[in-house]
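# Observations on the three-dimensional arrangement
Residue-level listing of the chains:
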Amino acid sequence: MSVTLFLIFLAATFAAGATGALFPTGEWYKRLNKPAWTPPNWAFPIMWTSIYLLIAFAGARVAPLDGNQYAMAFWAAQIALNALWTPVFFGLRRLKGSLPIMAALWIAVLGATITHFGVDFWAGMAFVPNLIWVTIAGALNYTVMRLNPDQVPLEIHKLP
């Protein structure tokens, strides 16, 4: 595995993860009704950091291999959707509007997991925690939306 490729994929994952810093959970999220099984707040940065390291590893292993086209396409799709979900959910507070993004993210992560397994066993294994975590996040997104039906999204005002 190329260290240079790993660093490139790691930069991509942390660029996507930077949306968490741009759109933090804040008081709004703390006030939402959440299910009892919601992971504690400290678990999220630990999980996402671990997942980003693993999927950077997966991308770096698969990128130089023959037959990687679908794996790389799914890798790119899942990281782009990951970056998009945070501003929609936390930034715009669109609980319902973030669900289609989460569904697409789950499909992209499933696709990445399957296609990475098809090219390299360890790359596929590295995607399994991401698939599990995105499954939990999707269930949490849906449940939070159901528990907070009166939540009003932020309005975007047009500049004059």
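None of these values were measured; they are calculated from a predicted model. (Residues numbered from 1 in each chain as written. Predicted model: local features only at pLDDT ≥ 70, side-chain atom pairs only at ≥ 80, totals over all residues. Heavy atoms only, no water.)

A word on the overall build of the chain. Helix and strand counts for the chain come out as six helices and zero strands. Listing every helix and strand of the chain by position from the N terminus yields α-α-α-α-α-α. Against the 2.2 N^0.38 benchmark of 15 Å for 160 residues, the chain shows a C-alpha radius of gyration of 17 Å, consistent with a compact globule. Expressed as lengths along the three principal axes of its C-alpha atoms, the size of the chain is roughly 50 × 40 × 25 Å. (Helix = DSSP H or I, 4+ residues; strand = E, 2+ residues; numbered from the N terminus. Rg over C-alpha atoms; globule rule 2.2 N^0.38 Å.)

Taken residue by residue, the chain gives an average pLDDT of 93. The fraction at 70 or more is 98%. No element of the chain has a lower mean pLDDT than helix α2 (residues 26-31), which averages 87, and none a higher one than helix α5 (residues 98-119), which averages 98. (pLDDT = per-residue confidence, 0-100.)

Okay, the packing of helix α4 (residues 69-91) against helix α6 (residues 121-147) next. Here α4 crosses α6 at 30°, and the two axes come no closer than 13 Å. In terms of orientation, α4 lies roughly parallel with respect to α6. Seen from above, α4 lies across α6 with left-handed handedness. Of the residues in α6, those in contact with W75, Q78, W85 and F89 of α4 are F127, N130, N141 and V144. Residues that form the contact of α4 with α6 fall into these classes: five nonpolar, three polar and no charged. (Axes fitted to C-alpha atoms, helices over the stretch in contact; angles between N-to-C directions. Parallel < 35°, antiparallel > 145°, perpendicular 65-115°, else oblique. Left-handed = near helix turned anticlockwise from the far one by under 90°. Contact = heavy atoms within 4.5 Å. Nonpolar A, V, L, I, M, F, W, Y, C, P; charged D, E, K, R; others polar.)

We now examine the layout of surface pockets. Estimates place the volume of the largest pocket at around 680 Å³. Around the largest pocket sit 28 residues that line it, and F44, W48, W85, T86 and F90 are the ones nearest its centre. Within the residue set of the lining of the largest pocket, elements represented by two or more residues are α1 (3-22), α2, α3 (43-62), α4, α5 and α6. The biggest single contributor to the lining of the largest pocket is α1, with six residues. In terms of residue class, the lining of the largest pocket is made up of 18 nonpolar, nine polar and one charged. (1 Å grid on protein atoms, 1.4 Å probe; cavity = no way out; pocket = protein on both sides within 12 Å on 5 of 7 lines; lining within 4 Å. Points joined across faces, edges and corners; volume = space filled by probe spheres on them.)

This paragraph deals with the environment of P149. As for its position among the elements, P149 is in the segment after α6. Assessed through its relative accessible area of 64%, P149 is described here as exposed. As a C-alpha pair, P149 and A11 span 138 residues in sequence and 37 Å in three-dimensional space. (Buried < 20%, exposed > 50% of the residue type's maximum accessible area, 1.4 Å probe, protein only.)

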